[in-house]
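Each chain, letter by letter, is given below.
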Amino acid sequence: MFDRLKKLPDDPILGLLRLYREDDSPDKVDLGAGVYQNEQGQTEVLGAVKQAEQRLWDSQQTKVYEGLRGNADFNTAMTRMMFGADHPALNDGRIVTVQTTGGSGGLHIAAGVLLRASPGVKVWASEPTWPNHQPLLSSAGINIETYPYYDASSNAIEFDAMLEGLQRAERGDVVLLHGCCHNPTGADLSREQWDRVIDLLEERGLVPFIDVAYQGFAEGIDEDAYGIRASAARLPELVVVSSCSKNFGLYRDRVGCTSIVAQSNEHAQTSVSHLANVTRRVYSMPPAHGAEVVQIILNDAELTRLWLSELGTMRDRVNNLRRQFAEMLATKTGTDRFAFIAQQRGMFSLLGLDKAQIQRLRDEFHIYIVGSSRANIAGVSEANLDYLTDSIAAVL
Ligand SMILES: Cc1ncc(COP(=O)(O)O)c(C=O)c1O
């Protein structure tokens, strides 16, 4: 039967990474892959993670199954990190959290429960959004609609169009929002804009679904949770999916979680029974290692301090690179068309280059950027900044 299958093309981002690895030019630059890189282009294991792994190695007594909800200490620590330790919704027992296989697993599990709660439910996603939102949610059976979010001609959020687009959503529909570091645009809602979006969700009876894959990468752990905490304070219901891939650098360990804020403790307990049941039907239970590592870090004051300082180093590096990249592009191109890069947050920005320019950057200059012109700013370094900005100026 497998002779009936047709071979699929490479995933666009992973395919680009393969081309980059095969390129033997000493000048090559990878701005494609969505992982943090240090000044030397490496994605190292964090020191806090190494120490937590050592403790785990010394203390772990069993590898027996964990349970459908994953690691309970991890779930508690992550809930506090997202919502804040004293959030009223937490004190009221309205928040439940299950560990998932990365943010991707969390999105799929959340979709399964949304569909059980509201068969045929529509999820509204920003245009553009992370390209995997569509397959992860629609493979669970969700119908996706889009609302305007980013205006490529002004390189900014088109906020009025966003609010107008969301007027088309019907009571009970779900609105997918990025907690911070919007992927792929780097354009985040300000606090005032979050408040206005929450007003609209409240007025129209819409349910927010916040994907937070970069908490701590924009401004800080608490600052980046503004949208989550304000939504949970004002709205009766909310779904949050979080990933530890970037902020703990645990990409391959597949660590994340899904939280539901319900109207009461009783509804929250019912919801978590469904989260566990959907998990059972998809991958039975999440992997233990990475969640145990995160739990050890978040429950130890010294390791938490070390982790926060390492996270701060990653965040500061990206934010500094943004400024340097924007300034150098202004000098090299004699325009301010790239000034927006310094204002945006997280690893990604859309450079606003067309397909031919992106192709020339790859073919002539060995610079790898995905087709949407999304660039991973962490791939910029002091060593390649001059070459990179000269090359971009050359293809304009
Ligand atoms: C917006 C967004 N959501 C979710 C994820 C999920 O990440 P993971 O499944 O690696 O935890 C990512 C990763 O790139 C992302 O950018």
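This text follows the structure it describes.
A short tour of the structure in this document, coming up. (Residues numbered from 1 in each chain as written. Predicted model: local features only at pLDDT ≥ 70, side-chain atom pairs only at ≥ 80, totals over all residues. Heavy atoms only, no water.)

1. A closer look at the pattern of salt bridges
Right, so step 1: What the rule picks out here adds up to 11 salt bridges.
Right, so step 2: Across the pair Glu-202 and Arg-234 runs a salt bridge, and its minimum N-O distance is 2.8 Å. Pair noted here: Glu-202 is in helix H8 (residues 191-204) and Arg-234 is in helix H9 (residues 226-234), with a separation of 32 residues, a long-range link.
Right, so step 3: Among the residues examined, Glu-202 registers a relative accessible area of 42% and is labelled partly exposed.
Right, so step 4: For Arg-234, a relative accessible area of 31% translates into the label partly exposed. (Salt bridge = Lys/Arg side-chain N within 4 Å of Asp/Glu carboxyl O. Helix = DSSP H or I, 4+ residues; strand = E, 2+ residues; numbered from the N terminus. Buried < 20%, exposed > 50% of the residue type's maximum accessible area, 1.4 Å probe, protein only.)

2. Things to note about the site of the ligand
Right, so step 1: Near the ligand, the surroundings consist of Gly-102, Gly-103, Ser-104, Trp-130, Asn-183, Asp-211, Ala-213, Tyr-214, Ser-243, Ser-245, Lys-246 and Arg-254.
Right, so step 2: One of the backbone N or O atoms of Gly-103 is found 2.7 Å from an oxygen atom in the ligand.
Right, so step 3: With respect to the ligand, the side chain of Ser-243 contributes an N or O atom lying 2.7 Å from an oxygen atom.
Right, so step 4: For the ligand, whose free accessible area comes to 390 Å², the fraction covered by protein is 91%.
Right, so step 5: The biggest single contributor to the shell around the ligand is helix H5 (residues 102-117), with 3 residues. (Near = heavy atom within 4 Å. Polar contact = N/O pair within 3.5 Å; in protein donor to acceptor, adjacent residues only side chain to side chain. Areas by Shrake-Rupley, 256 points an atom, 1.4 Å probe, with all protein chains shown as cover.)

3. Description of the nonpolar core
Right, so step 1: Within the largest apolar cluster, 95 residues are counted, with the highest numbers of intra-cluster contacts made by Leu-177, Trp-307 and Phe-325.
Right, so step 2: Here this core takes 9 residues from helix H12 (residues 301-333), the largest share from any one element.
Right, so step 3: By size, the runner-up hydrophobic cluster in this structure holds 17 residues, among which are Leu-114, Val-121, Ala-125 and Leu-176. (Core = buried A, V, L, I, M, F, W, Y, C linked by side-chain atoms within 4.5 Å.)

4. Examining a nonpolar patch on the surface
Right, so step 1: A cluster of nonpolar residues, Met-1, Phe-2 and Leu-5, forms a patch on the protein surface that exposes about 420 Å² of accessible area.
Right, so step 2: Here Phe-2 shows up in the segment before helix H1 (12-22). (Patch = residues over 30% accessible without salt bridge, like charges linked within 9 Å, V, L, I, M, F, W, Y side chains within 5 Å.)

5. Some details on H8
The α-helix winds at 3.6 residues per turn, so residues separated by three or four positions along the chain end up facing the same way.
Right, so step 1: For H8, built from 14 residues, the straight-helix expectation of 20 Å at 1.5 Å per residue is met to within 8% by its first-to-last C-alpha distance of 20 Å.
Right, so step 2: Of all the positions in H8, only Gln-193, Trp-194, Val-197, Ile-198, Leu-200 and Leu-201 are classed as buried. Projected down its long axis, H8 carries its buried residues within an arc of 160 degrees, all on one side. In H8, the exposed positions that point more than 90 degrees away from the buried face belong to Glu-192 and Glu-203.
Right, so step 3: For H8, the elements touching its buried residues are strand E6 (156-157), helix H7 (159-166), strand E7 (174-178), strand E8 (207-212) and H9.
Right, so step 4: Backbone geometry just downstream of H8 places Gly-205 in the positive-phi region, at approximately 65 degrees. (Expected span 1.5 Å × (residues − 1). Arc of directions from axis to C-beta. Contact = heavy atoms within 4.5 Å.)

6. Focus on the state of the cysteines
Right, so step 1: Tallied over the full model, the rule gives 0 disulfides.
Right, so step 2: You can see Cys-181 has no disulfide; the closest cysteine sulfur is in Cys-180, sitting 3.9 Å from it.
Right, so step 3: Exposure remark for Cys-181: the relative accessible area of 2% places this residue in the buried category. (Disulfide = S-S within 2.5 Å.)

7. As for the packing of aromatic side chains
Right, so step 1: Tallied over the full model, the rule gives 5 aromatic pairs.
Right, so step 2: Relative to Phe-217, the ring of Tyr-214 lies with its centre 6.5 Å away and its plane at 90 degrees, an arrangement referred to as edge-to-face.
Right, so step 3: On the numbers, 4.2 Å between centres and 5 degrees between planes, the contact of Phe-248 with Trp-307 is stacked. Here Phe-248, found in the loop between strand E9 (238-243) and strand E10 (255-261), pairs with Trp-307, found in helix H12; they are 59 residues apart in sequence, far enough to count as distant. Trp-307 carries the same exposure label as Phe-248, and that label is buried.
Right, so step 4: An aromatic cluster is defined as three or more aromatic residues linked by ring pairs; in this entry it consists of Tyr-36, Tyr-214, Phe-217 and Phe-348.
Right, so step 5: One residue, Lys-28, lies across the ring of Tyr-20, its end atom 4.5 Å from the ring centre. (Phe/Tyr/Trp six-rings, centres within 6.5 Å; stacked < 30°, edge-to-face > 60°. Lys NZ or Arg CZ within 6 Å of the ring centre and 35° of its normal.)

8. Observations concerning helix H15 (residues 385-395)
Right, so step 1: Taken residue by residue, H15 has Leu-385, Leu-388, Thr-389, Ser-391, Ile-392 and Val-395 as its buried positions. Projection of H15 onto a plane perpendicular to its axis shows the buried side chains occupying an angular sector of 160 degrees, all on one side.
Right, so step 2: In this structure, the buried side of H15 is in contact with strand E1 (29-30), H12, helix H14 (355-365) and strand E12 (367-368).

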